Amino acid sequence: MKRDELVWFLRRNRLAVQASAAPDGSPQAAVVGFAVSDDLEIVFDTVETTRKSLNLRADPRIALVIGWDDAVTVQIEGLADFPAGAELTRLQECYFRVYPDGRDRLSWPGITHVRVRPTWVRYSDFTQEPPHVVEVSPAQLD
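Residues numbered from 1 in each chain as written. Predicted model: local features only at pLDDT ≥ 70, side-chain atom pairs only at ≥ 80, totals over all residues. Heavy atoms only, no water.

Overview of the layout of surface pockets
Note the cut-off: Only protein atoms enter the calculation, which uses a 1 Å grid: trapped sets of points that fit a 1.4 Å probe without letting it out are cavities, open sets showing protein on both sides within 12 Å along at least five of seven lines are pockets, and any residue with an atom within 4 Å of a point is a lining residue. Grid points are joined across faces, edges and corners, and a volume is the space filled by probe spheres set on the points. As a working rule, the residues Ala, Val, Leu, Ile, Met, Phe, Trp, Tyr, Cys and Pro are called nonpolar, Asp, Glu, Lys and Arg charged, and the rest polar, with Gly in that last group.
Roughly 200 Å³ of internal volume is contained in the largest pocket. For the largest pocket, the full set of lining residues is Phe-9, Arg-12, Asn-13, Arg-14, Leu-15, Gly-67, Trp-68, Asp-69, Asp-70 and Val-72. Tallied by class, the residues present in the lining of the largest pocket amount to 4 nonpolar, 2 polar and 4 charged.

As for the packing of aromatic side chains
Let me state the cut-off plainly: Each aromatic pair joins two rings of Phe, Tyr and Trp (for Trp, the six-membered one) with centres within 6.5 Å, and gets the label stacked for planes under 30 degrees apart, edge-to-face for over 60, and tilted for any other angle. Think of it in three bands: residues with accessible area under 20% of the maximum for their type are buried, residues over 50% are exposed, and the middle band is partly exposed, with areas taken using a 1.4 Å probe on protein chains only. We call a charge positioned over a ring when the NZ of a Lys or the CZ of an Arg lies within 6 Å of the ring centre and within 35 degrees of the ring normal.
Per the counting criterion, the structure on display carries 3 aromatic pairs. Centroid distance Tyr-95 to Phe-96: 6.2 Å. Interplanar angle 65°. Geometry classified as edge-to-face. Each member of the pair, Tyr-95 together with Phe-96, is buried. Owing to a relative accessible area of 2%, Tyr-95 belongs among the buried residues under this scheme. An aromatic cluster is built from Tyr-95, Phe-96 and Tyr-99, whose rings are joined through pairwise contacts. In this arrangement the basic side chain of Arg-14 is found over the ring face of Tyr-99, its NZ or CZ atom lying 4.4 Å from the centre.

What to know about the UniProt feature "domain: Pyridoxamine 5'-phosphate oxidase N-terminal" (unreviewed entry) in the protein chain
Which entries qualify depends on this criterion: UniProt positions are given in the numbering used here, feature names are shortened, and annotations may be inferred rather than shown by experiment. The numbering of helices and of strands both runs from the N terminus, where a helix is a DSSP run of H or I of at least 4 residues and a strand a run of E of at least 2.
Taking the numbering used here, the UniProt-annotated feature "domain: Pyridoxamine 5'-phosphate oxidase N-terminal" (unreviewed entry) corresponds to residues 4-122. The annotated region residues 4-122 carries 29% helix and 42% strand content, and the separation between its end C-alpha atoms amounts to 15 Å.

Focus on the side chain of Arg-115
Condition: We define a polar contact as two N or O atoms separated by no more than 3.5 Å, with the added condition that, inside protein, one atom must be a possible hydrogen donor and the other a possible acceptor, whereas residues neighbouring each other in sequence contribute only through side-chain atom pairs.
Position of Arg-115 relative to the elements: it lies in strand E7 (residues 111-125). We classify Arg-115 as buried; its relative accessible area is 4%. In terms of polar contacts, Arg-115 uses its side chain to reach the side chain of Glu-41, at 3.2 Å. Here the side chain of Arg-115 touches Asp-81 through a polar contact of 2.8 Å, side chain to side chain.

Regarding the pattern of salt bridges
Quick note on the threshold: Basic side-chain nitrogens of Lys or Arg form a salt bridge, by our definition, when they fall within 4 Å of a carboxyl oxygen of Asp or Glu.
A full pass over the atoms with the stated rule returns 11 salt bridges. With a shortest N-O distance of 2.7 Å, Asp-38 and Arg-11 are connected by a salt bridge. With Asp-38 in the loop between strand E3 (35-36) and strand E4 (42-47) and Arg-11 in helix H1 (residues 3-11), the pair connects residues that are 27 residues apart, well separated along the chain. Judged by relative accessible area, Arg-11 falls into the partly exposed class, the value being 44%. Measuring nitrogen to oxygen at the nearest pair gives 3.4 Å for the salt bridge that ties Arg-122 to Glu-135. Taken together, the positions of Arg-122 in strand E7 and Glu-135 in strand E8 (residues 132-136) put the pair 13 residues apart, joining distant regions of the chain. One salt-bridge network, in which partners are shared between bridges, spans Glu-41, Asp-81, Glu-87, Arg-90 and Arg-115.

As structure tokens, this is what we get:
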């Protein structure tokens, strides 16, 4: 699998299930609307007081599942951060192309944007027999 193929697949989807760990180690999951940059950075917005935001500030490890319709899915594990300055502006523009209403949420108290940089990716296509499954690190996608 090539990076541009993965980005293309991710961009065909708008929702992801994201999972993070609470301070006591218990799992927490939520559905988020996301966008993906050409560099395979996944970005979503949230409010600073949400469980996901608090979890990711304490422990940046994150897992995402994207694409469950049509028996094709991508699982991603990675590290989350909360960009600022020019990086934040760049990622917000990426996000706003998918979610123009995200600009309206900038007025919400505590709105923030999370960037996920994948460390592991698993692409699974169960429409084939046998299923086509590929596990890679992002460096292997180039």
